[in-house]
Amino acid sequence: MMSISERVAVVRTKVEAACERAGRDPGSVRIVAVSKTFGPEVIREAVEAGLSIFGESRVQEARQKIPLCPGHLEWHLVGHLQRNKAREAARLVSCVHSADSWRILEALNGAAEEAGAGLKVLIEVNVGGEGSKYGFNPAEVGEALKRSAELPRLEVVGLMAVPPFTPDPQGARRFFRQLRELRDRLREETSFRLDELSMGMSHDFEVAIEEGATLTRIGTAIFGQRLANWRSQKGSWNIGGVSEDGESETR
Ligand SMILES: *Cc1c(COP(=O)(O)O)cnc(C)c1O
């Protein structure tokens, strides 16, 4: 079995190769290590392998885990957020990738204001138009951006998407491209620069990088498989009932 540092080395090599193919500077892509279900000791191994940005998908889990991890790390929230968790999210993370509705944008702005801080957010776009997925319809993003001028505590830094799953990662390419083209268009039509494109997961991050990802959210390829019954997994993060506070696993 490969160690985390070996897996990180493999991921980095693939990131660099994808940048090379796309004529991009490897420094323009940052890996967000999605550490959900894994505990602080496992995260520390990833830190030792040189990673410093970690992504969690549940606020309850992040709240318990972050204080036990090295203090210099950057934490991002990548999973759907409920409004009643916005205050805690704003306190725990510096960036929310999954701003998927106007209501949550407003809640995050209020939460950041209470915390006396600013918060970076990415607008999540439902590129596949899937009923089962969160996110703004592509046609609504321009309006949301314009309205976000009313939310002074939020800095909208880019767009995020989780495309429909296809067994062949090439199937995701058109959705990644669609997100980049939407970004390019909004950049021309608004005053937002939207520098960040959060795209790609373990299965398809190379394609996402070829299409312009600047933040790529990688879990399994770094930490290994998340077991269905992850509470029994070695190095897993033991927190009581998964749905105790009404949150659910995204994957
Ligand atoms: C879990 C998760 C990831 C990481 O998925 P892997 O396939 O394990 O790399 C990325 N993005 C989001 C939104 C997730 O929920």
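Everything quoted here is computed from the prediction, not taken from an experiment.

## What about the pattern of salt bridges?
- For the structure on display, the rule yields 17 salt bridges.
- Here R187 ties to D195 by a salt bridge, and the two come within 3.4 Å at their closest N and O atoms.
- Classification of R187 as partly exposed rests on a relative accessible area of 35%.
- Residue class for D195 comes out partly exposed when judged on its relative accessible area of 33%.
- Beyond isolated ion pairs, a larger network of salt bridges with shared partners links R21, R173, R177, R180, E210 and E211.

## Remarks on the site of the ligand
- Near the ligand lie eleven residues; those nearest to it are K36, S202, G219, T220 and R226.
- The side chain of T220 places a nitrogen or oxygen atom 2.5 Å from an oxygen atom of the ligand.
- Between R226 and the ligand, the recorded distance is 2.9 Å, taken from a side-chain N or O atom to an oxygen atom.
- Protein contact buries 93% of the 390 Å² of open area that the ligand shows by itself.
- Classifying every residue of the shell around the ligand gives four nonpolar, four polar and three charged.

## Quick word on the packing of aromatic side chains
- For the structure shown, the criterion picks out two aromatic pairs.
- A centroid spacing of 5.3 Å and a plane angle of 20° characterise the contact between F38 and F223, whose relative ring orientation is stacked. Of the two residues, F38 sits in the loop between β1 (30-34) and α2 (40-48) while F223 sits in helix α9 (residues 220-223), which places them 185 residues apart along the sequence. Assigned by exposure class, F38 and F223 land together as buried.
- Look at F54 and W75: their rings are 5.7 Å apart centre to centre, the planes differ by 40°, and that puts the pair in the tilted class. You can see F54 sitting in strand β2 (residues 53-56) and its partner W75 sitting in strand β3 (residues 74-77), a full 21 residues away along the chain.
- Note on F54: relative accessible area 0%, which makes it buried.

## Comments concerning the side chain of R183
- With respect to the helices and strands, the residue R183 is situated in helix α7 (residues 173-189).
- Engagement of the side chain of R183 in a polar contact is seen with the backbone oxygen of L194, the distance being 2.9 Å.
- R183 has contacts with L159, R193, L194, D195 and L197, leaving out every residue within four places of it along the chain.

## Description of the side chain of Q60
- By the element assignment, Q60 lies in helix α3 (residues 59-65).
- Engagement of the side chain of Q60 in a polar contact is seen with the side chain of R58, the distance being 3.1 Å.

## Observations regarding the pairing of strand β5 (residues 119-124)
- Counting buried residues in β5 gives five out of six residues, a clear majority hidden from the surface.
- Where strand β4 (residues 95-99) and β5 come together, three bridges link them in parallel fashion. Bridge pairing in β5 links V96 to V121.
- Each parallel crossover has a hand, and for β4 linked through helix α5 (residues 102-115) to β5 it is right-handed.
- Across six bridges, β5 lies against strand β6 (residues 154-160) in parallel orientation. Across the sheet, residue V121 finds its bridge partner in β6, namely V156.
- This β-α-β element, β5 to helix α6 (residues 141-147) to β6, shows right-handed connectivity.

Quick notes on the rules
- Residues numbered from 1 in each chain as written.
- Predicted model: local features only at pLDDT ≥ 70, side-chain atom pairs only at ≥ 80, totals over all residues.
- Heavy atoms only, no water.
- Salt bridge = Lys/Arg side-chain N within 4 Å of Asp/Glu carboxyl O.
- Buried < 20%, exposed > 50% of the residue type's maximum accessible area, 1.4 Å probe, protein only.
- Near = heavy atom within 4 Å.
- Polar contact = N/O pair within 3.5 Å; in protein donor to acceptor, adjacent residues only side chain to side chain.
- Areas by Shrake-Rupley, 256 points an atom, 1.4 Å probe, with all protein chains shown as cover.
- Nonpolar A, V, L, I, M, F, W, Y, C, P; charged D, E, K, R; others polar.
- Phe/Tyr/Trp six-rings, centres within 6.5 Å; stacked < 30°, edge-to-face > 60°.
- Helix = DSSP H or I, 4+ residues; strand = E, 2+ residues; numbered from the N terminus.
- Contact = heavy atoms within 4.5 Å.
- Pairing = 2+ DSSP bridges.
- Right-handed = clockwise from strand over helix to strand, strands pointing away.

Coordinates in, geometry out; function isn't part of it.
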